[in-house]
Amino acid sequence: NTEPCPTARDKPLSCRSKVDVILVLDASDSTNAEGLKRITSFAQRFTLAFEAVEKGASDAQMSVIQFSGPRHMGTLKKCFGMKSDGLDVERDCLIKMVQHFSSDMDATRSKIAELPWLKATTFTSAALGMASAELALARKDAKKVVLVVTDGSPLSRLRTAKAASQDRKSTR
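Notes on the structure follow. Since the structure is predicted, the reported quantities are computational estimates derived from the model, not experimental observations.

Focus: the overall build of the chain
Of regular secondary structure, the chain possesses six helices and four strands. Partitioning the intrachain contacts of the chain with sequence separation of at least 6 by distance along the chain shows that 84% fall at a separation of at least 24.

Right, here's the structure in full:
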């Protein structure tokens, strides 16, 4: 490619690859309301790179997961798998599958715009675990990408590193 890259600041470069992307968005207490606005603004802008500029120009699908984490120690034990009786991942662990893989970027942006600030802990490992399950639904011939947008430290660095390692294996 000998052509210069476009320099328009209002729209990102277009992706023309066959790719399945999972956006994992932090809505924990430490992000604060302004931080959540920045995260969702970035995520909405990011989706613009995967829109078809011309028919057939984009072959991307996007999935969105929002996460925070449990608010209480008893719930934390449930979410870590120490107790599983009556566990509701979305309600108890504050990990939500916002959208499974879709090529409708307008709908994706709308769902991202509606995400609430969850104001709890940062259970990144569980969000990555959900991303791992979603990767099983990705197209076999598509490149796979998991992008985590967070502001800081996870609840468990060890569990997060293990979950990230598992996702890394699934994306290659």
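Things to note about the pattern of salt bridges
As enumerated under the stated definition, the model contains nine salt bridges in all. Ionic pairing is found between Arg139 and Asp59, a salt bridge with its closest N-O pair at 2.8 Å. Pair noted here: Arg139 is in the loop between helix H5 (124–135) and strand S4 (143–149) and Asp59 is in strand S2 (residues 59–67), with a separation of 80 residues, a long-range link. Using a relative accessible area of 33% as the deciding quantity, one classes Asp59 as partly exposed. Residue Arg109 pairs with Asp106 through a salt bridge whose shortest N-O separation is 2.5 Å. Note that Arg109 and Asp106 are positioned in helix H4 (residues 105–113) at a spacing of three residues, about one turn of the helix. For Arg109, a relative accessible area of 14% corresponds to the buried category. Connected via shared salt-bridge partners are Lys78, Asp88, Arg91 and Asp92.

Structural notes on H5
End to end, H5 covers 16 Å across 12 residues, agreeing with the expected 16 Å (1.5 Å per residue, within 8%). Along its buried surface, H5 packs onto strand S1 (18–26), S2, helix H3 (89–92), strand S3 (95–102), S4 and helix H6 (157–171).

Here we look at the packing of aromatic side chains
Here the structure, examined in full by the defined rule, presents three aromatic pairs. A centroid spacing of 5.2 Å and a plane angle of 85° characterise the contact between Phe80 and Phe123, whose relative ring orientation is edge-to-face. Linking Phe80 in the loop between helix H2 (73–79) and H3 with Phe123 in the loop between H4 and H5, this pair joins segments that are 43 residues apart in sequence. Grouped by ring-pair contacts, the aromatic residues Phe42, Phe46 and Phe50 constitute a single cluster. Above the plane of the ring of Phe80 lies Arg159, whose end atom (NZ or CZ) is 4.0 Å from the centre.

With respect to the packing of H5 against H6
Running from amino to carboxyl end, H5 crosses H6 at an angle of 20°, the nearest separation of the two axes being 8 Å. Relative to H6, H5 is oriented roughly parallel. The element H5 and its partner H6 pack so that their crossing is left-handed. Mapping the contact onto sequence places Thr124, Ser125, Leu128, Ala131, Ser132 and Leu135 in H5 and Arg159, Thr160, Ala163, Ala164, Gln166, Asp167, Ser170 and Thr171 in H6. Residues of the contact of H5 with H6, tallied by class, amount to five nonpolar, seven polar and two charged.

Brief notes about unusual backbone geometry
Among all residues except glycine, the phi angle is most often negative; among peptide bonds, the trans geometry is most common. Despite not being glycine, Leu94 has its phi angle at roughly 55°, a positive value. Here Leu94 is to be found in the loop between H3 and S3. One non-glycine residue, Lys119, adopts positive backbone phi at about 55°. Relative to the elements of secondary structure, Lys119 occurs in the loop between H4 and H5. Overall, Lys119 belongs to the partly exposed group, its relative accessible area being 47%.

Cut-offs and rules
All residue numbers refer to positions counted from 1 along the written sequence of the respective chain. For this predicted model, a pLDDT threshold of at least 70 governs which residues receive local features, and a threshold of 80 or more governs which side-chain atom pairs are given and counted, while totals over whole chains, interfaces and linings are taken from all residues. The side-chain quantities take in all heavy atoms of the structure and omit both hydrogens and water. By the criteria applied, helices consist of DSSP H or I runs no shorter than four residues and strands consist of E runs no shorter than two, each listed in order from the N terminus. Residue contacts are counted whenever heavy atoms from the two residues lie within 4.5 Å of one another. Whenever Lys or Arg places a side-chain nitrogen within 4 Å of a carboxyl oxygen from Asp or Glu, that contact is recorded as a salt bridge. Exposure categories follow from relative accessible area, calculated using a 1.4 Å probe and restricted to protein chains: below 20% of the type maximum is buried, above 50% is exposed, and the middle band is partly exposed. In a helix, the anticipated span is given by 1.5 Å times the number of residues less one. Any Phe, Tyr or Trp ring, taking Trp's six-membered ring, that has another such ring centre within 6.5 Å forms a pair; planes under 30 degrees apart are called stacked, those over 60 apart edge-to-face, and the others tilted. Two limits define a charge over a ring: the Lys NZ or Arg CZ must be within 6 Å of the ring centre, and within 35 degrees of the ring normal. Where helices are involved, their axes are fitted lines through C-alpha atoms of the stretch in contact, as for all axes, and angles between N-to-C directions lie from 0 to 180°. An angle counts as roughly parallel when it lies under 35 degrees, as roughly antiparallel when it exceeds 145, as roughly perpendicular when it falls between 65 and 115, and as oblique in every other case. Throughout, a crossing is termed right-handed when the near helix is turned clockwise from the far one, and left-handed when it is turned anticlockwise from it by less than a right angle. Gly is put with the polar residues, along with every residue not named as nonpolar or charged; the nonpolar set is Ala, Val, Leu, Ile, Met, Phe, Trp, Tyr, Cys and Pro, and the charged set is Asp, Glu, Lys and Arg.

These figures capture arrangement, not role.
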